[in-house]
Amino acid sequence: MTKPAERSAARLAAVQALYQMDVSGKTVLDALAEFETFWIGREVEGIEFQPSDNVFFRDILSGVVKNQREIDVKIDSALATDWPLTRIEAVLRAILRAGGYELMYRKDVPARVVITEYVDVTHGFYGDDEPGLVNAVLDKLARDVRPGELEKKAAGQGKR
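Please read these numbers as outputs of a predicted model, since none were measured by experiment.

### Here's the deal with the packing of aromatic side chains
The description of an aromatic ring pair rests on the distance of the ring centres and on the angle between the ring planes. A complete count under the given rule lists one aromatic pair for this structure. With centroids separated by 5.6 Å and ring planes inclined at 20 degrees, the aromatic side chains of Y101 and Y105 adopt a geometry described as stacked. Linking Y101 with Y105, this pair stays in helix α5 (residues 90–105), spanning four residues, or about one helical turn. Directly above the ring of F56 sits R7, whose terminal nitrogen or CZ lies 3.9 Å from the centroid.

### Some words on the pattern of salt bridges
It is possible for side chains bearing opposite charge to pair when their charged atoms get close. Going through the model one piece at a time under the given rule, you end up with eleven salt bridges. For R106, the salt bridge identified is with D59, shortest N-O distance 2.8 Å. Placement of R106 in the loop between α5 and α6 (111–125) and of D59 in helix α3 (residues 54–66) is noted, with a sequence separation of 47 residues between them. When the shortest N-O distance is used, the salt bridge between R106 and D108 registers 2.8 Å. Taking relative accessible area as the criterion, R106 reaches 14% and is therefore assigned buried. Here the salt bridges share partners, and the residues they tie into one network are R11, E102 and E117.

Parameters and conventions
- Residues numbered from 1 in each chain as written.
- Predicted model: local features only at pLDDT ≥ 70, side-chain atom pairs only at ≥ 80, totals over all residues.
- Heavy atoms only, no water.
- Phe/Tyr/Trp six-rings, centres within 6.5 Å; stacked < 30°, edge-to-face > 60°.
- Helix = DSSP H or I, 4+ residues; strand = E, 2+ residues; numbered from the N terminus.
- Lys NZ or Arg CZ within 6 Å of the ring centre and 35° of its normal.
- Salt bridge = Lys/Arg side-chain N within 4 Å of Asp/Glu carboxyl O.
- Buried < 20%, exposed > 50% of the residue type's maximum accessible area, 1.4 Å probe, protein only.

Coordinates in, geometry out; function isn't part of it.
Structure, rendered in structure tokens:
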């Protein structure tokens, strides 16, 4: 059984790999090999990269690449009309795509967990409005692709 921290590390690694693929043009196989060989669970230039659920990391990375067109369409519809995904900075784009993948294709992971995890990842890169943007976009996407899931949890929280 994987630990939640290993899944969190997998999400962060997937975002970093997606970013690197976006800016460098690397393939998914190159990114997988590089991150699993040189980054995940190692210390690089004084920065310690936490052990990761590598199966989950591979699933997110390959899932985003395989389903990117559908994911991008859904994210675009969740963004403000004058801010298409192509105008979003590359790290934010990677975060939204990874979160979008989990919401759309990993129904085994609760929507609230997905949103919280990617907002936490965003806090690792940004300090201003970006975490709120990620929260709003992923919340809107969750309500679209998993209708009723967020409402069910909220309604049940008041009862004990």
